[in-house]
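# Structure at a glance
Spelled out, the chains give:
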Amino acid sequence: MMFGSKLAREVALHDDECHVMFVSRMAKANSYRNLDEFCWMTNLPLSGLQTMNDETAGLLSAWSGVPKRRLQRFALTGHNVTTFGATSVRRSQLEMATLRVCRHCLCQDMAAGHGRAVTRPYVRAAWRWMVIGTCPIHGCDLEAISAGDITAWIARRGDALCWNLPEIREPDLADVYFSNRVNGAGKASEFLDELPAYVAAEFCTVMGHFKNLPEDGRARNRIPDGFMNGSCRREGFLIAKQGKEAVLSFLSHHVHAAIETATEFMDIYGVARRWLRKFVNDPDYRPVVELFQRHAEQHIPMEAGDVFLTEVKERQVHTVRSAAVEYQLTPDRVKNVIEKYGFTTTTPDGGVKAARVFPRAALHEQLVLETQFVTTPEAASLLGCTWQFLDILLQQGHLPYHANSEDYARVFRRISRESVVSLLARLKAQRNCVSNDGLVSIHIATAICHCKVPEIVDLIFGGKLTKVSWSGDELLLKNLLVDPQEVLPHVALDEAENYLDVAALEKALRTTTVTIDELLKREVLPVEMRRHPRTRVHQRFVHPVAVEQFLDKHISLSTMARENGRQIAGLKQTLDKEGIKPIFEPTGKIARFYRRSDVQRLGLA
């Protein structure tokens, strides 16, 4: 045979046919026993058919009449990644040693083709890509046959080729898509179509792996069967085919499910991160790298300089602790802000707590505003006083504060830093003492003046004292000094010597403390708050005239019984029968008082 002459019998090359198996059909049609014999007689190495360089393609084009360009459509051109039909695939994912076929397709070829029956069935190039596990037409699994020559294998099987065919099923949408990508059969997914087919297949497998994780999102470090996992790829394709927004939404749901239990936040993306970090600089993977990098920066806490796939430029997500560090707040205060603005999660027992992470931009202004306020312990530290002293300032209104909302069970008081600074500045302006001679601390002044700390505090911050200073160079409220002689006129005793306190009232009315408390509570006796002459404490007093007026008009049940020689129980029955009621119905051990005008007709008063 002349190497430049055309073979006697032509065989049509199908657009989706594996070119090596086309040579097998052409050899059989021209009476060669098999492909090996054809290659031996033409001095063509079998490996040369796989790569189909220009010389080999030229010879085969001359023999078959098929243009070189068509013969080279599925030629392997790269080492790791090779062009394959209308796309590119990993060379390691192409089945080279054996053939994978759909016998339904081969039987249809045999029934519908032309020429010798044994040369009619042809091998689809897409079957060689191991990512595709089922026939995109009949849905059955591709069968692996231990043969490298399709026509020789068909010749041996004869009529048995179409016996016991597998069940026809609904085609796998992922296998249909990737088969079309190989054959260039149009676009089906805007997002996946932008990626090389092998990258899209790997991406779908990773997404499907996330989809198949447990409900809590706990990551598995490996994909079972790796990128050949058809189940994961199928699940992932159903997500990815809907577009980029659907992918991002799914990833957000995945992160949300795992974030509360993750020990290492980056492990939430574990499989994807291990897959992509070695392809960071590969242009084929750039869209996927950017997608995962951007999504991770927006959903898990990382600070500037951290490396996910590429280096993080700025923090976009905070934890409670990282926010506390950035804004110089306590973790509890950060949690309060998080909960207030609705960034919460549900606890196992059905409760609600602050979310573990939150978007920095969402709460930045609120946290900055929170830094303008201090808690009561922080304010006490800035002012240099105890929390008790600070509480006096708050209660007396010398230091304004803001209470948290009613949503919280515990009340927190927030004090603006500006108010604290203003209070200290006002004290400094008030100081006009040349020296501290004759000045004493507030506690010593209370002993000298027989008064309480709140009274002196009110005098100082109410601007009623002119001689206010402090010990030491720094103004600290605990070191304040006052002149006791200046304090005394402001805390002079009330004229309470002639008034009756609770103890004196018990003796005057010959009754118990609980009865006096009830009389005062019901305002039967007029109460005045006065300073006690001995303790200097404001307490309840009643003027003696008011007591005399009360006794002139009222009498207790026990006094009536004593004065009339009657028993209390019997006397009460008599009064009840006559319809005479006490001024109020007491409970417990509180005494009964009656109006004298009511009991006089019975001769009891």
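Notes on the structure in this doc start here. These figures come from a predicted structure and were not determined experimentally.

When you go through the protein chain residue by residue, the secondary structure sums to 29 helices and 18 strands. For the protein chain, the spread of C-alpha atoms along the three principal axes comes to 150 × 80 × 30 Å. A buried classification covers 47% of the 605 residues belonging to the protein chain. Residue pairs at least 24 apart in sequence account for 62% of intrachain contacts in the protein chain once pairs closer than 6 positions are excluded. A total accessible area of about 31,500 Å² is found for the protein chain, and carbon and sulfur atoms account for 50% of it.

Before going further, it helps to spend a moment on the state of the cysteines. Applying the stated rule across the entire model yields 1 disulfide. With a sulfur-sulfur separation of 2.0 Å, C107 is cross-linked through a disulfide to C162. When the S-S torsion is -125°, as for the bridge of C107 with C162, the disulfide is left-handed. Placement of the pair is C107 in helix α6 (residues 103–112) and C162 in the loop between α7 (150–157) and α8 (173–183), with a sequence separation of 55 residues. As a non-bridged cysteine, C204 has C232 as the owner of its nearest cysteine sulfur, 11 Å distant. Among the cysteines around C451, which has no disulfide bond, C449 carries the closest sulfur, lying 5.0 Å off.

Attention now goes to the sheet that holds strand β14 (residues 480–482). Read across the open sheet, the 3 strands follow the order β12-β14-β13; overall the sheet is antiparallel. Bordering the open sheet on either side are β12 (440–441) and β13 (468–470), each of which pairs with just one other strand. Sheet topology places β13 next to β14; 3 bridges connect them, and they run antiparallel. Residue pairing across strands places S469 opposite L481, the latter belonging to β14.

Let's shift gears to helix α1 (residues 19–29). Counting buried positions over the 11 residues of α1 gives 11, a clear majority of the element. Of the residues making up α1, those classed as buried are H19, V20, M21, F22, V23, S24, R25, M26, A27, K28 and A29. S31 occupies a position one or two residues after α1 and carries a positive phi of about 75°.

Let us look at the pairing of strand β2 (residues 87–90). Of the two faces of β2, the one holding T87 and V89 and the one holding S88 and R90 are both buried throughout. Alignment of strand β1 (residues 81–84) against β2, held across 4 bridges, turns out to be antiparallel. Along β2, the bridge assignment pairs T83 with S88. Turn length for the β1-β2 hairpin, with the two strands adjacent in sequence and antiparallel, is 2 residues, and the turn residue G85 shows positive phi of about 65°.

This part takes up the pattern of salt bridges. If charged atoms from side chains of opposite charge come close, those side chains can pair. Overall, the coordinates contain 19 salt bridges when judged by the stated rule. One salt bridge connects R333 with E378, and the closest N-O pair in it is separated by 2.8 Å. Of this pair, R333 sits in helix α16 (residues 331–340) while E378 sits in helix α18 (residues 376–383), placing them 45 residues apart in sequence.

Another aspect to go through is the sheet that holds strand β10 (residues 402–403). Spatial strand order, β9-β11-β10: 3 strands in an open sheet with antiparallel pairing. Looking at strand neighbours, the two that pair on one side only are β9 (373–374) and β10, the edges of this open sheet. In terms of strand pairing, β10 meets strand β11 (residues 413–416) through 2 bridges, oriented antiparallel. Paired with A403 across the bridge in β11 is R413. Those strands touched by helix α20 (residues 417–430) are β9 and β11, and its axis lies near 60° from that of β11.

All right, on to the side chain of T515 then. Mapped onto the secondary structure, T515 falls in helix α25 (residues 513–521). Once residues within four sequence positions are removed from consideration, T515 is found in contact with K589, I590, A591 and F593.

A word on the nonpolar core. Ranked by internal contacts, the top residues of the largest apolar core, which has 106 residues, are W129, F292 and I300. Among the elements that make up this core, the one with the highest residue count is helix α10 (residues 197–211) (10 residues). Not counting the four nearest positions on each side in its chain, W129 is found in contact with V89, Q93, L94, R100, F178, V182, A197, Y198 and A201. Grouped together as the second largest cluster of nonpolar side chains are 36 residues, C385, I392, V420 and L465 included.

This part covers the environment of E95. With respect to the helices and strands, the residue E95 is situated in the loop between β2 and β3 (99–101). Note: C-alpha distance between E95 and A144 (49 residues apart in sequence) is 9.6 Å. Among residues more than four places away in sequence, those in contact with E95 are R100, R128 and M130. Within polar-contact distance, the side chain of E95 engages the backbone nitrogen of T98 at 3.4 Å.

The next point concerns the packing of aromatic side chains. Applying the stated criterion to the full structure yields 16 aromatic pairs. Centre to centre, the rings of F38 and W63 are 5.7 Å apart; their planes meet at 90°, and the pair counts as edge-to-face. One end of the pair, F38, is in helix α2 (residues 35–42); the other, W63, is in helix α4 (residues 54–64), and 25 residues separate them in sequence. Residue F38 is classed as buried on the basis of its relative accessible area, which comes to 0%. Taking the relative accessible area as the measure of exposure, W63 reaches 1% and is therefore buried. Aromatic side chains Y269 and F308 sit 5.3 Å apart centroid to centroid with 80° between the ring planes, which places their arrangement in the edge-to-face category. Highlighted residues: Y269 in the loop between α12 (244–258) and α13 (270–276) and F308 in the loop between α14 (286–299) and β5 (317–319), separated in sequence by 39 residues. Among the residues examined, Y269 registers a relative accessible area of 0% and is labelled buried.

With that out of the way, let us pick up the packing of α6 against α7. Orientation of α6 relative to α7, taken along the N-to-C sense of each, is 80°, at an axis distance of 13 Å. Compared by their axis directions, α6 and α7 come out roughly perpendicular. Contacts between α6 and α7 involve R103, L106 and M110 on the former and, on the latter, I150, W153, I154 and R157.

Another aspect to go through is the environment of L488. One can find L488 in the loop between α23 (484–487) and α24 (502–509). When its relative accessible area of 31% is taken as the criterion, L488 is described as partly exposed. The spatial distance from the C-alpha of L488 to the C-alpha of V131 is 96 Å, given a sequence separation of 357 residues.

Of note in this structure, M52 is not a glycine but carries a positive phi near 50°. Mapped onto the elements of the fold, M52 is located in the loop between α3 (46–51) and α4. Phi angles above zero are rare outside glycine, and Q328 is one such case at about 55°. Here Q328 falls in the exposed class, since its relative accessible area comes to 61%.

Cut-off values and rules
Residues numbered from 1 in each chain as written. Predicted model: local features only at pLDDT ≥ 70, side-chain atom pairs only at ≥ 80, totals over all residues. Heavy atoms only, no water. Helix = DSSP H or I, 4+ residues; strand = E, 2+ residues; numbered from the N terminus. Buried < 20%, exposed > 50% of the residue type's maximum accessible area, 1.4 Å probe, protein only. Contact = heavy atoms within 4.5 Å. Areas by Shrake-Rupley, 256 points an atom, 1.4 Å probe, with all protein chains shown as cover. Disulfide = S-S within 2.5 Å. Pairing = 2+ DSSP bridges. Salt bridge = Lys/Arg side-chain N within 4 Å of Asp/Glu carboxyl O. Axes fitted to C-alpha atoms, helices over the stretch in contact; angles between N-to-C directions. Core = buried A, V, L, I, M, F, W, Y, C linked by side-chain atoms within 4.5 Å. Polar contact = N/O pair within 3.5 Å; in protein donor to acceptor, adjacent residues only side chain to side chain. Phe/Tyr/Trp six-rings, centres within 6.5 Å; stacked < 30°, edge-to-face > 60°. Parallel < 35°, antiparallel > 145°, perpendicular 65-115°, else oblique.

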